Amino acid sequence: MNYLSSLNYGNKILKSNNIRSYKLDSELLLAKALNKSREDILTNLNFTLEQKEFYMFKRLLIRRKKKEPIAYIFNQKEFWKYKFLVNEDVLIPRPETEIIVEEVLKLTSYNSSKLFLDIGTGSGCLILSIVKERPNSQGAAIDISKKAIKIAINNAKMHHLENKVKFINIDIDKFNNNKYDFIVSNPPYINEISFKRLEANVKLFEPTIALKAGLDGLRVIENIIKQSKKLLKKNGKLIFEFGENQENKVKNLLMENKFYINKVCKDIRSFPRVIVSTKLI
Ligand SMILES: C[S@@+](CC[C@H](N)C(=O)[O-])C[C@H]1O[C@@H](n2cnc3c(N)ncnc32)[C@H](O)[C@@H]1O
């Protein structure tokens, strides 16, 4: 079998299993099976596969047809400008979370030395990207999941930032260490009803603790706001992501806790997604 007929075979299997990105996924999986780039595959469509390479491709197709996300199959996801190691212990970094990095960069200069805290760090993508961009800064990152912290530490080592960011396995409710200039977070914020409606690739594979946050989806956000009051320096910034239909509730919670709301940023679909706020007292 050559590359072209293998791709057609893959397309057919993935399409019949309702994988919307079947064409791209087939190309990526064939490239992985052959340990080549996608470009190598597409420019050599008449090359022949060895039997064992085809079996490897078939094994990858089986994983994908069961809806396993490509990022978990590749154990890797790009976020901001960098690659991060991921597995089923951590959320796959999302492009909308990059808004938080953008906002931090707008508020700090390249040489500034700020102290950051990332709440619910998962793969560590957020804090590690920030510290890469602001090399004189330092940070701490916490997560309730021990397995997530292990992945985040591996990512810190991969990016040579293990001495810049301290990773701690702890619940935000119990964390009361130090005073920070910035607190950033992409917390779990999905409510019970929306969770049931999530696509299979998210619901079946990504960690529930990274997604669900009680009946209204605000349980962790509430705790983050309360704790940030203690953990931020005066005029420190709290910047975090929230879900659909949560903007007003999030604003109220912040105001009740004496935060000034600087701005709300919209995502690529024009949904309010990230809030920038300042601790006033
Ligand atoms: C939506 S994921 C975000 C991961 C990563 N920051 C990202 O943007 O890809 C939320 C993370 O918060 C963690 N988490 C959930 N509840 C927590 C809590 N009470 N305290 C600390 N971390 C928590 C989860 O384990 C998960 O890793």
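Nothing here was measured: the structure is a model prediction, and the numbers come from that model.

1. A short note on the packing of helix 2 (residues 22-34) against helix 4 (residues 51-65)
Relative orientation and spacing of two packed helices are given, respectively, by the angle between their axes and the distance between those axes.
Here is step 1 of the chain: The geometry of helix 2 relative to helix 4 is characterised by a closest axis approach of 9 Å and an angle of 135° between their N-to-C directions. The angle between the axes of helix 2 and helix 4 places the two elements in the oblique class. Considering the relative orientation of helix 2 and helix 4, their crossing is right-handed. Packed against helix 2, whose contacting residues are D25, L29, L30, K32, A33 and L34, the element helix 4 presents E53, M56, F57, L60, L61 and R64 at the interface.
Here is step 2 of the chain: Residues that form the contact of helix 2 with helix 4 fall into these classes: eight nonpolar, no polar and four charged.

2. Remarks on the site of the ligand
Here is step 1 of the chain: Of all residues adjacent to the ligand, which total 24 residues, the nearest are G120, G122, I172, N186 and A210.
Here is step 2 of the chain: Looking at side-chain class alone, the shell around the ligand contains 15 nonpolar, seven polar and two charged residues.

3. Here we look at the pairing of strand 6 (residues 180-185)
Here is step 1 of the chain: The element strand 6 is largely enclosed, with a buried count of five among its six residues.
Here is step 2 of the chain: Examined bridge by bridge, strand 3 (residues 115-119) and strand 6 share four bridges and lie parallel to one another. Its bridge partner being in strand 6, D118 is matched across the sheet by V184.
Here is step 3 of the chain: As defined by bridge partners, strand 6 adjoins strand 7 (residues 232-241) across five bridges and the pair is classed as parallel. If you follow V184 over to strand 7, its bridge partner there is I239.

4. Let's talk about the sheet that holds strand 7
Here is step 1 of the chain: Taken together, seven strands build an open sheet; the order of strands is 5-4-3-6-7-9-8 and the sheet is mixed. Only two strands of the sheet have a single neighbouring strand rather than two, namely strand 5 (165-169) and strand 8 (259-266). Pairwise comparison of adjacent strand axes, ignoring direction, gives a mean angle of 15° for this sheet.
Here is step 2 of the chain: When strand 8 meets strand 9 (residues 272-279), the two strands line up antiparallel, connected through seven bridges. Across the sheet, K266 pairs through a bridge with P272, a residue of strand 9.

Thresholds applied
- One numbering rule holds for all chains: residues counted from 1, following each sequence as written.
- The predicted nature of this model means local features are confined to residues of pLDDT at least 70 and side-chain atom pairs, given and counted, to a pLDDT of 80 or more, with totals for whole chains, interfaces and linings taken over all residues.
- Working convention: axes come from line fits to C-alpha atoms, limited for helices to the stretch in contact. Angles between N-to-C directions cover 0 to 180 degrees.
- Runs of E in the DSSP output that reach at least two residues are strands. Runs of H or I that reach at least four are helices, and both are numbered from the N terminus.
- Any angle from 65 to 115 degrees is called roughly perpendicular, while one under 35 is roughly parallel, one over 145 is roughly antiparallel, and all others are oblique.
- Note on convention: near helix rotated counterclockwise from far helix by under a right angle means a left-handed crossing. Clockwise means right-handed.
- We call two residues in contact when the distance between their C-beta atoms, placed using the backbone, is within 7 Å.
- All amino acids are sorted into three groups, where Ala, Val, Leu, Ile, Met, Phe, Trp, Tyr, Cys and Pro are nonpolar, Asp, Glu, Lys and Arg are charged, and the leftover types, Gly among them, are polar.
- The criterion for a residue being near a molecule or strand is simple: its C-beta atom, placed using the backbone, must lie within 6 Å of it.
- For the exposure call, what matters is how many other C-beta atoms sit within 10 Å of a residue's own: 20 or more marks it buried, 12 or fewer exposed, and in between partly exposed, using C-beta atoms placed from the backbone.
- The pairing criterion is simple: DSSP has to find at least two bridges between the two strands.

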